[in-house]
Amino acid sequence: VQLVESGGGLVQAGGSVRLSCLASDVSFSIYTMGWYRQAPGKERELVASINSDTSTNYADSVKGRFTISRDNAKNTVYLQMNSLEREDTAIYYCKADRMTPWNRVHYWGQGTQVTVSS
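Participant: Requested: an account of the overall build of the protein chain, with residues and values cited.
Facilitator: Looking only at helices and strands, the protein chain has zero helices and eleven strands in total. Taken from the N to the C terminus, the helices and strands of the protein chain come in the order β-β-β-β-β-β-β-β-β-β-β. The C-alpha radius of gyration computed for the protein chain amounts to 14 Å, which stays within 12% of the reference 13 Å derived for 118 residues, consistent with globular compactness. In terms of overall dimensions, the protein chain has C-alpha extents of about 45 × 30 × 25 Å along its principal axes. Relative to its 118 residues, the protein chain shows a buried fraction of 44%. Here the contacts in the protein chain between residues at least 6 apart in sequence split such that 54% fall between residues at least 24 apart.

Participant: So what's going on with the state of the cysteines? Residues and values would help.
Facilitator: Counted under the stated rule, the structure contains one disulfide. Residue pairing for C21: its cysteine sulfur links by disulfide to C94, the two sulfurs lying 2.1 Å apart. With the S-S dihedral at roughly -80 degrees, the linkage between C21 and C94 falls on the left-handed side. With C21 in strand β3 (residues 17-23) and C94 in strand β9 (residues 90-99), the pair connects residues that are 73 residues apart, well separated along the chain. Considered together, C21 and C94 belong to a single accessibility category, that of buried residues.

Definitions and cut-offs
Residues numbered from 1 in each chain as written. Predicted model: local features only at pLDDT ≥ 70, side-chain atom pairs only at ≥ 80, totals over all residues. Heavy atoms only, no water. Helix = DSSP H or I, 4+ residues; strand = E, 2+ residues; numbered from the N terminus. Rg over C-alpha atoms; globule rule 2.2 N^0.38 Å. Buried < 20%, exposed > 50% of the residue type's maximum accessible area, 1.4 Å probe, protein only. Contact = heavy atoms within 4.5 Å. Disulfide = S-S within 2.5 Å.

Structure follows, in structure tokens:
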């Protein structure tokens, strides 16, 4: 599975950005999709995830500001980021995750940089 993120860039604090992640697998709908981020000197952390049943999970730091969604017809997951803060500056990665009869498999995108300026 190939994941290609887009939509990152430079944005002012308080602004908004929407990230997109396009997946190559035709079975996209069965994957749990997630957005992670990694800031300089920090570990990669979960930002938000969305399951195949569209249930969602968010990190406390982004609740009420970020929204994850998916469009199975387009094999795409989105992350709408509002009220951005400087602390949101990071490389954002898309992850696809699913169980097989034998194990759990996951795939990562290459990442997209989001920089929030004051």
